[in-house]
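Spelled out, the chains give:
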Amino acid sequence: MKKVGVSRRKVQVGFKGFVSDRDERVLGWEYSPETLNFAVDGGVLTGKLGIDAARGFVKNMPEAYWNIPDLPDSSGIRRIFHFRRDLAADADRLVVQTIGGDFYEIDLFTASSAWSAIEGLHADEDAVAVNYKYDGKNILIVSAPDLAITVYDGATVTPVTNGLKFAALEVHGERVFGVYNGKRGSVWFSDNLDPTDWTVSADAGGYIAFGDDCGDAIGLVSFLGYLYIFRERGIYRLTAYGDQGEFMLKKLFTSTGCIYKDTIALCGDRIMFLDDEGVKSFDGYDVTDPGVQLPGDIVYRKYSVGAYSGGAYHLTFHINYSGKYDMEPLYYCSTLVRYRLAEKDVAVLAGWDIRHIAAVASMGCSGLFVASGSSTHKCKLGRLSESGKFYGTPSHKIYRSPASDLGYDGIKVVRELTFTLTGGEVTVSLDADGKRVYSRSFEPTGLPVTAFVGRSGRQLALTVTSDAALPSMTPPAVRVDLVR
């Protein structure tokens, strides 16, 4: 009888994060080609990613909160804005645009505050808004492709005389700049110190026209003392101080694909955005690829939205999960990626319709607010959380290792795996050569657990799933026999 040689190896699965830009056949077990609704925190797999019903703020007490009520408009929430007001009086407000085109507001720091309609303000298309201090008052300037620029001072809605209809707005210096919906090949600006005067003259307002082939102007960001003008296929820098006669325009970047307007977000020391190639980072001079991993085949990128909150760039987009992972068909943005800039890691929230997101920070408090496309939650403002739930229901969580030969082409026998689990039940499964050969559920004990597996194959993959809210699992140590 021929003697079979066996050597034993200990493999650490490892939780080093999600990777999508490499063939999984070359990935080690420390990376995952597919992770949904799990997050990796300090090398531990956790459920700290979710969406809860939104909460209002308590001044300088980020852990305190009060519950924001449902919107009384049955059409649902379309857009979210932060109206900055008198900080000394904690008077900031949230403003939302509904699907039906109306606007509502609620005090951000007043417990048990209620939504109230903003009479006289209506837009059927996606609105944009900026804050400005004018004539001693904090005002919100609102416009849309079907709404001429309008001023709201917290009490009165005032349309700007002969106002233009803007698809993007930004405050830079003491002027308001806007992308005029009717002529998106140009950027318009108001008079200095007067956002209600858009008269075209040498000493008031005016516009900047583009003559190249970079497409429509789509976004504006005031950053590092300049105004950056994003167009469909490029970025320009405008030097714009008080005298418009001294404005200077410089082209900085040409994209090989389309830039998506609602994904453009100022993220501390850089601007992040999505184009046809993926997520890009812009430092005011150069555009680079930060290596943000995006799962699946993204469709309908024009509906994607980006926002910066808590040191992370958040990006929504749509992936069709219908018929996969027991997820219901979703119609808006089904996926949200959280990219933490300092850690350079990605967490993926999937399985919930998201229509809009907006970052809000004031008086020592902050949060990422979420408008849901779900028919049952469209009137309930949400907030990104670490609860591991969608509005109270634990999300379905998936972590899958790559299928790997572990650096050995022969047959491998998985003898046992050891890990520590707290917080909630998980199911650990082993696939060998594309077939499920082992699956077992584990209860959290907080102590190391060793499970005998006794299954073999050449290509091996581990999968961890959970329907608990906050499971926390250390990287499994796997004992493998190599058959020679």
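Everything here concerns the structure above.
To keep things clear, this report deals only with the structure shown in the data block. (Residues numbered from 1 in each chain as written. Predicted model: local features only at pLDDT ≥ 70, side-chain atom pairs only at ≥ 80, totals over all residues. Heavy atoms only, no water.)

For the chain, the helix and strand inventory stands at zero helices and 43 strands. Its C-alpha atoms give the chain a radius of gyration of 26 Å, within 12% of the compact-globule value 23 Å for 484 residues. Considering only C-alpha atoms, the chain reaches an extent of 100 × 50 × 35 Å along its principal axes. The contacts of the chain with a sequence gap of at least 6 include a subset with a gap of at least 24, amounting to 55%. Taking the 52 positively charged and 59 negatively charged side chains of the chain as two groups, their mean positions are separated by 10 Å. (Helix = DSSP H or I, 4+ residues; strand = E, 2+ residues; numbered from the N terminus. Rg over C-alpha atoms; globule rule 2.2 N^0.38 Å. Contact = heavy atoms within 4.5 Å. Lys, Arg positive; Asp, Glu negative; His and termini not counted. Charge placed at Lys NZ, Arg CZ, Asp CG, Glu CD.)

Now for the sheet that holds strand S8 (residues 77-83). Strand pairs in the sheet, formed through backbone hydrogen bonds, run parallel or antiparallel to each other. Strand order in the open sheet formed by four strands is S8-S9-S10-S11, with antiparallel pairing between adjacent strands. Because the sheet does not close on itself, it has two edges, and the strands there are S8 and strand S11 (116-122). Averaged over all neighbouring strand pairs, the angle between strand axes comes to 25°, with direction disregarded. Examined bridge by bridge, strand S9 (residues 93-98) and strand S10 (residues 102-107) share five bridges and lie antiparallel to one another. Pairing of Arg93 across the sheet is with Asp107, part of S10. (Pairing = 2+ DSSP bridges. Axes fitted to C-alpha atoms, helices over the stretch in contact; angles between N-to-C directions.)

On to the pairing of strand S19 (residues 206-209). Residues Gly206 and Ile208 line the buried face of S19, whereas the alternating positions Tyr207 and Ala209 sit on a face that is not buried. Pairing geometry for strand S18 (residues 186-189) and S19, over four bridges, is antiparallel. By the bridge assignment, Phe189 is partnered in S19 with Gly206. (Buried < 20%, exposed > 50% of the residue type's maximum accessible area, 1.4 Å probe, protein only.)

To continue, consider the pattern of salt bridges. Under the criterion given, the structure shown has 22 salt bridges. Across the pair Lys261 and Asp262 runs a salt bridge whose closest N-O atoms are separated by 3.2 Å. A relative accessible area of 28% places Lys261 in the partly exposed class. In this structure, the salt-bridge partner of Arg415 is Asp481, at a minimum N-O distance of 2.6 Å. Taken as a pair, Arg415 in strand S37 (residues 412-422) and Asp481 in strand S43 (residues 477-483) lie far apart in primary sequence, 66 residues in all. For Arg415, a relative accessible area of 32% gives the class partly exposed. Within this structure, Arg78, Arg79, Asp126, Lys261 and Asp262 form a network of salt bridges that share partners. (Salt bridge = Lys/Arg side-chain N within 4 Å of Asp/Glu carboxyl O.)

At Leu224, a position not held by glycine, the phi torsion is positive, near 60°. Checked against the element boundaries, Leu224 lands in the loop between strand S20 (217-223) and strand S21 (226-231). Positive phi values are uncommon outside glycine, yet Tyr391 reaches one of about 50°. Following the sequence through the fold, Tyr391 ends up in the loop between strand S34 (389-390) and strand S35 (393-394).

Here we come to the sheet that holds S19. Spatially, the four strands line up as an open sheet ordered S16-S17-S18-S19, and their pairing is antiparallel. Two strands close off the open sheet at either side, each with one partner strand: strand S16 (166-172) and S19. Taken pair by pair, the neighbouring strands of this sheet meet at an average axis angle of 25°, ignoring direction.

Taken together, Val299, Tyr300 and Tyr303 make up a surface patch of nonpolar side chains, about 320 Å² in accessible area. For Val299, a relative accessible area of 32% translates into the label partly exposed. (Patch = residues over 30% accessible without salt bridge, like charges linked within 9 Å, V, L, I, M, F, W, Y side chains within 5 Å. Areas by Shrake-Rupley, 256 points an atom, 1.4 Å probe, with all protein chains shown as cover.)

This next bit is on the pairing of strand S13 (residues 137-144). Strand residues, when the strand is regular, have side chains that alternate between the two faces of the sheet. In terms of residue burial, S13 counts as a mostly covered element, since six of its eight residues are buried. Alignment of strand S12 (residues 128-134) against S13, held across seven bridges, turns out to be antiparallel. The partner of Val130 across the bridge, within S13, is Ile141. Hairpin connection between S12 and S13: a loop of two residues separates the two successive antiparallel strands, and Asp135 in this loop has a positive phi of roughly 55°. Here four bridges tie S13 to strand S14 (residues 147-152), and the two strands are oriented antiparallel to one another. Bridge assignment links Leu140 to a residue of S14, and that residue is Tyr152. Connecting S13 to the antiparallel partner S14 that follows it, the hairpin turn spans two residues.

The subject of this paragraph is the packing of aromatic side chains. To describe a pair of aromatic rings, you give the distance between the ring centres and the angle between the ring planes. Counting across every chain of the model gives 21 aromatic pairs. Arranged with centres 6.4 Å apart and planes meeting at 35°, the rings of Phe177 and Phe247 form a pair that is tilted. Separated by 70 residues along the polypeptide, Phe177 in strand S17 (residues 175-180) and Phe247 in the loop between strand S22 (234-239) and strand S23 (248-254) bring together distant segments of the chain. For Phe177, a relative accessible area of 0% gives the class buried. Exposure remark for Phe247: the relative accessible area of 16% places this residue in the buried category. An aromatic cluster of at least three residues, connected via ring pairs, comprises Phe223, Tyr226, Tyr228, Phe230, Phe273 and Phe282. Residue placement shows Arg22 over the ring face of Tyr31; its charged tip is 5.8 Å from the ring centre. Sitting above the plane of the Tyr226 ring, Arg237 keeps its charged end 4.6 Å from the centroid. (Phe/Tyr/Trp six-rings, centres within 6.5 Å; stacked < 30°, edge-to-face > 60°. Lys NZ or Arg CZ within 6 Å of the ring centre and 35° of its normal.)

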